[in-house]
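# Summary of structural features
Residue-level listing of the chains:
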Amino acid sequence: MGRLFLISLEGLIYSCRHCDTHLGIADDILSKSFHSRHGKAYLFDKVVNVTTGDKEDRPMLTGMHTVVDIFCVGCGSIVGWKYESAHEKSQKYKEGKFILERYQVIGPGGNEYVINHEAQLGSDTDDA
């Protein structure tokens, strides 16, 4: 496998809740009004220290999107997804952007997001 080289970030950092690997900074957040099946999710312009899974078409509240799941390179945990393409013209702005699910990351200052299990009932992966 070889030696793992991680990118260290400075500023208000979002990191993996399982291994503290840096994933993104607050300055790269485009929107905090996204949702996943586990609650809040943030749209990032860029993230670091992730690998991607296989492409798949996923139906979401805003239409069909082609996405790849993203995994923390430190521990392999799924931390969100990347939009590869949007099938709806109005959603094209998401292409190449990343979603970090708040329940999978620790925010600036070490704050963790608590999953609201009631909000999960009957919910599929979606975005706002």
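What comes next concerns the included structure. (Residues numbered from 1 in each chain as written. Predicted model: local features only at pLDDT ≥ 70, side-chain atom pairs only at ≥ 80, totals over all residues. Heavy atoms only, no water.)

## Description of the pairing of strand E2 (residues 22–25)
Defined as follows: Should DSSP find at least two bridges between two strands, the strands are taken to pair. Under the scheme used here, helices are H or I runs from DSSP no shorter than 4 residues and strands are E runs no shorter than 2 residues, and both carry numbers assigned from the N terminus.
Two elements, strand E1 (residues 13–16) and E2, share 3 bridges in a ladder whose sense is antiparallel. When the sheet's bridge partners are listed, Tyr-14 is paired in E2 with Gly-24. Counting the residues between successive antiparallel strands, the hairpin from E1 to E2 contains 5 residues, one of them, Asp-20, with a positive phi of roughly 70°.

## So, the state of the cysteines
What counts is decided by this rule: The disulfide criterion used throughout: a pair of cysteine sulfur atoms within 2.5 Å. Exposure classes here rest on a 1.4 Å probe applied to the protein chains alone. A residue is buried below 20% of its type maximum, exposed above 50%, and partly exposed in between.
All chains considered together, the criterion is met by 0 disulfides. The thiol of Cys-19 is not disulfide-bonded; the next cysteine sulfur, from Cys-72, is found 3.5 Å away. For Cys-19, a relative accessible area of 29% puts it in the partly exposed group. Cys-75 takes part in no disulfide bond, and the closest cysteine sulfur to it belongs to Cys-16, at a distance of 3.6 Å. Assessed through its relative accessible area of 36%, Cys-75 is described here as partly exposed.

## Focus: the packing of aromatic side chains
Going by this rule: Pairs were defined over the aromatic rings of Phe, Tyr and Trp, the Trp ring being its six-membered one, requiring ring centres within 6.5 Å. Orientation was assigned from the angle between planes: stacked under 30 degrees, edge-to-face over 60, tilted for the rest.
With the rule as written, the count across this model stands at 3 aromatic pairs. The interplanar angle of 85° and the centroid separation of 5.9 Å between the aromatic rings of Tyr-14 and Tyr-42 together place this pair among those described as edge-to-face. Placement of the pair is Tyr-14 in strand E1 and Tyr-42 in strand E4 (residues 39–44), with a sequence separation of 28 residues. Ring centres of Tyr-14 and Phe-44 lie 5.7 Å apart, and the angle between their planes is 80°; on these two criteria the pair is classed as edge-to-face. Of this pair, Tyr-14 sits in strand E1 while Phe-44 sits in strand E4, placing them 30 residues apart in sequence.

Structural measurements only, silent on function.
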